[in-house]
Amino acid sequence: MIIHAFQVKVNQTQHQSPKERLRIAIEQLGNKTIETSLVVINDLEQIAQNYPQYHWIIIDILTTFVRQNAPYMPQEKVTSNLSTKLRVDIQAALSIIARRDVNKDPKNEQLDLSNTDMRGVNLNRANLEQTNLYQANLAGANLTEANLAGAILSAANLEGANLSLANLEGAILSAASLKGANLSGANLYCASLYLARLHGAVLNDAILDAANLREAKFSE
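This is a predicted model, so every value here is computed, not measured. (Residues numbered from 1 in each chain as written. Predicted model: local features only at pLDDT ≥ 70, side-chain atom pairs only at ≥ 80, totals over all residues. Heavy atoms only, no water.)

So, about the nonpolar core. Among the nonpolar cores identified, the biggest contains 60 residues, and L94, L163 and L168 are the most heavily contacted of them. Counting residues per element, the ones that place at least two in this core are α2 (18-28), α3 (34-50), α4 (55-69) and α5 (88-98). In terms of residue count, the dominant contributor to this core is α4 (seven residues). Non-local contacts of L94, meaning those with residues more than four positions away in its chain, are made with V66, L86, L113, M118, V121 and L123. (Core = buried A, V, L, I, M, F, W, Y, C linked by side-chain atoms within 4.5 Å. Buried < 20%, exposed > 50% of the residue type's maximum accessible area, 1.4 Å probe, protein only. Helix = DSSP H or I, 4+ residues; strand = E, 2+ residues; numbered from the N terminus. Contact = heavy atoms within 4.5 Å.)

This is the structure in structure tokens:
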């Protein structure tokens, strides 16, 4: 009943200015239940689609929401348990970020999803070009056909991740863990894999031209 009442409240704001809707969304996001957050996240996407001037503001709100609610702190020895279930509101926020209209992104801005715990996330065909994913935990993630060109993945955990046919051209994967990752058909042209751990990684048909593989580890 509480969720239904909140949905009704959100629906009632549809006639209000986008600025007022945005204010209400920011106020409610992350402060209520996961179900309420889902309603707010959905409304934020609608505002971003209908009012381009708020596109990047909303994308920034969503990335901040992910960083604050799914922090990754390796010093606390978070395990790479691939069965860990990502919160549905975190997945919803990331899905919106992944399918956003990149033509509305301002120049010289960068998505910041660094130091986040996104184990098992589904980002199939996501557009994460140039995204800051420094020290992100993406173990077991589905990144099939994702665009990660120029992305910063230094010290990221990509163990068991599916990166089949992903575009990693120019990506920085220095000291990243790619143990057991599927990189079949991935484009790693000019990517930096310096000190990367590739034990058991599948590299069939991967493009490694001009990639930096210095001190990369392929076996224990």
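After that view of the structure, there is still more to cover.
You can see L195 is positioned in the segment after α5. The exposure class assigned to L195 is partly exposed, which follows from its relative accessible area of 28%. Through-space distance from the C-alpha of L195 to that of L213 is 7.6 Å; in sequence the pair is 18 residues apart. Beyond its immediate stretch of four places on either side in the chain, L195 contacts A175, R214, E215, A216 and K217.

So, on to the packing of α3 against α4. Helix-helix packing: each pair is described by the crossing angle between the helix axes and the interaxial distance. For the pair α3 and α4, interaxial distance at closest approach is 8 Å and the crossing angle is 155 degrees. Here α3 is positioned roughly antiparallel relative to α4, judged by the angle of their axes. Judged by the twist between their axes, the crossing of α3 over α4 is left-handed. Across the interface between the two elements, S37, I41, L44, I47 and A48 of α3 pack against H55, I58, I61, L62 and F65 of α4. Of the residues that constitute the contact of α3 with α4, the class distribution is eight nonpolar, two polar and no charged. (Axes fitted to C-alpha atoms, helices over the stretch in contact; angles between N-to-C directions. Parallel < 35°, antiparallel > 145°, perpendicular 65-115°, else oblique. Left-handed = near helix turned anticlockwise from the far one by under 90°. Nonpolar A, V, L, I, M, F, W, Y, C, P; charged D, E, K, R; others polar.)

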